[in-house]
Amino acid sequence: MVRNQQKIGSKPVGKPCPLSVVVVTFNSASALPALLDSLPAGLKGIDDVRVIVVDNESVDDTAGLAESHPVRPAVIRMGRNAGYAAAINAAGSTTDSDSDMLILNPDLRLYPGAVRPLVERAATASVGIAVPRNFREDGTTDPTLRREPSLCTAWADAVLGGTLAAGLGWGEIVGQSNYDRSGLIEWATGSALLVSAKARRVVGDWDESFFLYSEEVDYQRRVREAGFDIVYEPRSQVTHTGGGSGTDPRLFALLTANRIRYYRRHHGVLPTSLFRLGIAFGQALRCWRGSAHRAALQSAVMPLRPASYFLTKRQS
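Residues numbered from 1 in each chain as written. Predicted model: local features only at pLDDT ≥ 70, side-chain atom pairs only at ≥ 80, totals over all residues. Heavy atoms only, no water.

Draft legend 1. Quick peek at the overall build of the protein. In terms of helices and strands, the protein carries 12 helices and 12 strands. Relative to the compact-globule value of 20 Å for 316 residues, the protein shows a C-alpha radius of gyration of 19 Å, a close match. Counting only C-alpha atoms and orienting by the principal axes, one finds that the protein spans roughly 50 × 45 × 35 Å. A total of 316 residues make up the protein; the buried ones form 55% of that total. Long-range pairs, those at least 24 residues apart, make up 78% of the contacts in the protein between residues at least 6 apart in sequence. (Helix = DSSP H or I, 4+ residues; strand = E, 2+ residues; numbered from the N terminus. Rg over C-alpha atoms; globule rule 2.2 N^0.38 Å. Buried < 20%, exposed > 50% of the residue type's maximum accessible area, 1.4 Å probe, protein only. Contact = heavy atoms within 4.5 Å.)

So this is what it looks like as structure tokens:
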């Protein structure tokens, strides 16, 4: 749940750090130009900025489009589909340790002045990550705030469905009524995260073993365990056109496997078995909705497989 922020008046670390804007792309040619177009207005008031596009071997000339864009980002070509965390780490290895890092999905557009409130929050000594308010294209709030995965959230989402469980405050998704005020959160989806330089120095690299999905849950847990706050700042606003994990069977299966993999890392055999059963039960109830739910059910009941299995397996 979002809690009222009590540390907003804490003594700042000092002058804001330089900012590195990192965009990880994979076949993002249709989305990336709109994000890059929005950066000058979105970064208004931020003077020391470097934009980095890290491309995971797109086949649609994403990297070429980035290189020719007027924003002139630095482009890192990974030479393979290395995954989300690996791409962030590659960008991080080229940036100074005193630089804040704003990580953006390529399917975002920044509102004018969106970044400055995040940078201001990150300058506070207690803040490790600051996240904006996400809107869908129709103007409604995209509920990107989350609770730490637990047996309660897994079973509430399974039995009640994500929307009802969120409204009751039992599910992993934080409900819509909590998005008008700033506050401390447990984690947020990785579409837009500003990681402070001080948190980067303490927490280190992202865990590349997840490849895609749950790496942001893992990283934000490590930020909290290092003693930093994660702050939601609704003065910062972005539009998110959305991703494909909910409809692509392979991606939804990988998301499911990584949810279980993450939970297992922090809990014993019995809790993990119950968590996994909750996920499987929820997907079994929803198999009639299509192949994505059937793929997720199979992922939940089968032995956990590496990301390469989901990325190469042909779904029926």
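Draft legend 2. Summary view of the pairing of strand E11 (residues 192–195). Judged by which residues are buried, E11 turns out to be covered on both faces: Ala192 and Leu194 on one side and Leu193 and Val195 on the other are all buried. Sheet topology places strand E5 (residues 100–104) next to E11; four bridges connect them, and they run antiparallel. Considered in E11, the bridge of leucine 104 is made with alanine 192. Pairing between strand E7 (residues 127–135) and E11: two bridges, direction antiparallel. Bridge pairing in E11 links alanine 130 to leucine 194. (Pairing = 2+ DSSP bridges.)

Draft legend 3. Broad picture of helix H4 (residues 115–122). Burial analysis of H4 places six of its eight residues in the buried class, which makes it a mostly covered element. All of the buried residues in H4 are Val115, Pro117, Leu118, Val119, Arg121 and Ala122.

Draft legend 4. Up close: a nonpolar patch on the surface. Residues Val159, Leu160, Leu164, Leu168, Trp170, Phe281 and Leu285 make up a contiguous nonpolar surface patch of about 630 Å² in total accessible area. For the nonpolar patch, the elements supplying multiple residues, two or more each, are helix H5 (151–160), helix H6 (162–168) and helix H10 (269–285). Within the fold, leucine 285 resides in helix H10. (Patch = residues over 30% accessible without salt bridge, like charges linked within 9 Å, V, L, I, M, F, W, Y side chains within 5 Å. Areas by Shrake-Rupley, 256 points an atom, 1.4 Å probe, with all protein chains shown as cover. Salt bridge = Lys/Arg side-chain N within 4 Å of Asp/Glu carboxyl O.)

Draft legend 5. Looking closely at the confidence of the model for the protein. Overall, the prediction assigns the protein a mean pLDDT of 91, with 92% of residues at 70 or greater. Considering only residues more than four positions removed or in separate chains, one finds that residues 1–13, a stretch of pLDDT under 50, has 35 contacts. (pLDDT = per-residue confidence, 0-100.)

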